[in-house]
Amino acid sequence: MPLHALGDEHLDHDLATIRIKDLRLRTHVGIKEEEIQNRQDVVINMVIRYRADKAVAFNHIEQALNYRSITKEVIAHVEGHRFQLLERMTREVLDLVMSYEQVLAAQVEIDKPHALRFADSVSITLSDSREARREG
């Protein structure tokens, strides 16, 4: 079951795309003393793909992927842990999202605002899919 990019003429119409945008959290991330001592802002964006045919057909929450539960877990994890690297935080959030069996593919981007002088932010993006796990 290949996943197709939006705009592909053979788009799988049973796949839903959930976008969680600009989830603003505070956590410990970094290696400098100031970063270790003080929480910093991070901004999380997630794109999650899952098969939504049953949710559409039956119109019941039990058939849908509960993005609220995923978001609550992400909030608890990010705010409850310390991270040296943005890469590690991004991977842990992505693994949390992929732990939901219904999720077929996901992409997580985490921004660290004002991490560099003269830049609005620095971000790391990682993605994963069930197919990639089978092939690997």
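Residues numbered from 1 in each chain as written. Predicted model: local features only at pLDDT ≥ 70, side-chain atom pairs only at ≥ 80, totals over all residues. Heavy atoms only, no water.

With an unreviewed UniProt entry as reference, the chain is termed Dihydroneopterin triphosphate 2'-epimerase, source organism Halomonas halophila. Its UniProt record gives the chain the following Sequence similarities (unreviewed entry) comment, quoted word for word: "Belongs to the DHNA family." Check the Catalytic activity (unreviewed entry) section of the UniProt entry for the chain; it says "7,8-dihydroneopterin 3'-triphosphate = 7,8-dihydromonapterin 3'-triphosphate". (UniProt positions renumbered as here; feature names shortened; annotations may be inferred.)

Time to look at the overall build of the chain. Secondary structure summary: the chain contains 5 helices and 5 strands in total. Listing every helix and strand of the chain by position from the N terminus yields β-α-β-α-α-β-α-β-β-α. Scored against the burial criterion, the 136 residues of the chain give a buried share of 38%. Counting only contacts in the chain whose residues sit at least 6 apart along the sequence, the fraction spanning at least 24 positions is 61%. When the accessible surface of the chain is summed, it comes to about 8,800 Å², and 49% of that surface belongs to carbon and sulfur atoms. (Helix = DSSP H or I, 4+ residues; strand = E, 2+ residues; numbered from the N terminus. Buried < 20%, exposed > 50% of the residue type's maximum accessible area, 1.4 Å probe, protein only. Contact = heavy atoms within 4.5 Å. Areas by Shrake-Rupley, 256 points an atom, 1.4 Å probe, with all protein chains shown as cover.)

This part covers the side chain of threonine 71. Relative to the elements of secondary structure, threonine 71 occurs in helix H3 (residues 67-80). At a separation of 2.8 Å, a polar atom in the side chain of threonine 71 contacts the main-chain carbonyl oxygen of tyrosine 67. If we skip the residues at most four places from it in the chain, threonine 71 touches Ile20 and Leu23. (Polar contact = N/O pair within 3.5 Å; in protein donor to acceptor, adjacent residues only side chain to side chain.)

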